[in-house]
Amino acid sequence: MSEESVLVKHVATTARGNRRFKGVIFDADGTLIDSEVPGMDVLHEQACAAGLSLSREEAHRRFRGGKMAEIVAWIAAQLPHRSAAFETDFTHRVRQRQAERFRQALLPMPGAVELLSRLSIPFCIATNGPREKIELTLSLTGLRGFFGERIFCAYDKGYFKPDPRLFLHAAAEMGVDPGDCAVVEDSLPGIEAGLRAGMPVFSLHGSEGLPPGSAGRVTCILGLSDLIPVLCGDASDGE
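Computed from a predicted structure; not experimentally measured. (Residues numbered from 1 in each chain as written. Predicted model: local features only at pLDDT ≥ 70, side-chain atom pairs only at ≥ 80, totals over all residues. Heavy atoms only, no water.)

A.B. asks: Tell me what's going on with the environment of Ile134, and back it up with residues and numbers.
C.D. replies: With respect to the helices, strands and loops of the structure, Ile134 is situated in helix α7 (residues 131-141). Since its relative accessible area comes to 3%, Ile134 is described here as buried. Distance from Ile134 to Ala28, taken between C-alpha atoms, is 7.5 Å for residues 106 residues apart in sequence. Those residues in contact with Ile134 that sit more than four places away from it in its chain are Ala28, Ile33, Ile125, Thr127, Ile151 and Cys153. (Helix = DSSP H or I, 4+ residues; strand = E, 2+ residues; numbered from the N terminus. Buried < 20%, exposed > 50% of the residue type's maximum accessible area, 1.4 Å probe, protein only. Contact = heavy atoms within 4.5 Å.)

This is how it looks when you write it as structure tokens:
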């Protein structure tokens, strides 16, 4: 049996050992929408154009899942000769370039449509991104119709991951207790927010860099299709 098959079987077996989930909170970028890489690439390109010396790999590692204001503040701090309006102008430019990049080619993450189509329990999105971004990317990928009003943005609520309050608010709006609500994430700030909210977390990020004490509380998955037997109530033995 391949390593991938073993992992999928482990995910399904782990889920059967727990009580059934009653709700799901999804991140958006890099979780449901394949926007994390192009979005981070634009951020890296604009940072370099502003005079920052930073590799693409370091930019993705440092910025992924972060709050834009904090990212831009960090970039500004590395540029002693920046203009007084640098942070405002830079943020506007990045958002504009990201929207242009997304409109060129943007897809849902593999397995997203099938998983969302088969879910029978409440689910929502909780994202650190602004509403105009998530509305654009969901529309471009054909996922907008799955969510109705169940989209919770940190900019609207004032709670940014790793603060757990965005997830706690989302669970309350769905009428689901935190311990019965699964979180699906791809970034370390999101994973930490889920753990701090007391929610079981499924991670597309992998095991590297996970918060201390997260063993047994974070289940790493290879893709969204792995969650179909876990969240849709049709787990099999995987043989």
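A.B. asks: Before we move on, could you go through the nonpolar core and cite the residues and values that matter?
C.D. replies: The biggest cluster of nonpolar side chains holds 32 residues, and the ones touching the most others in it are Phe26, Leu32, Leu119 and Ile125. Only β1 (23-26), α6 (112-118), β2 (123-127), α7, β3 (151-153), β4 (181-185) and α11 (228-231) provide two or more residues apiece to this core. The residues touching Phe26, leaving out its near neighbours within four places in the chain, are Thr31, Leu32, Leu115, Leu116, Leu119, Phe123, Cys124, Ile125, Ala126 and Val184. Core analysis: the second largest hydrophobic core is formed by 21 residues, Phe167, Ile191, Leu195 and Ala197 among them. (Core = buried A, V, L, I, M, F, W, Y, C linked by side-chain atoms within 4.5 Å.)

A.B. asks: An account of the packing of aromatic side chains is needed here, citing residue identities and associated values.
C.D. replies: To describe a pair of aromatic rings, you give the distance between the ring centres and the angle between the ring planes. A complete count under the given rule lists six aromatic pairs for this structure. Measuring from centroid to centroid gives 5.4 Å for Phe123 and Phe147, while their planes differ by 85 degrees, and the two rings are edge-to-face. Here Phe123, found in strand β2, pairs with Phe147, found in the loop between α7 and β3; they are 24 residues apart in sequence, far enough to count as distant. The burial state of Phe123 is the same as that of Phe147; both residues are buried. Taken together, a centroid distance of 5.0 Å and an interplanar angle of 80 degrees make the contact between Tyr155 and Phe160 edge-to-face. Residue Phe160 is classed as buried on the basis of its relative accessible area of 14%. Chaining the aromatic ring pairs together yields one cluster made of Phe26, Phe123 and Phe147. The positively charged end of Arg150 is found above the aromatic ring belonging to Phe123, 5.0 Å away from the centroid. (Phe/Tyr/Trp six-rings, centres within 6.5 Å; stacked < 30°, edge-to-face > 60°. Lys NZ or Arg CZ within 6 Å of the ring centre and 35° of its normal.)

These values are about where atoms sit, not about what they do.
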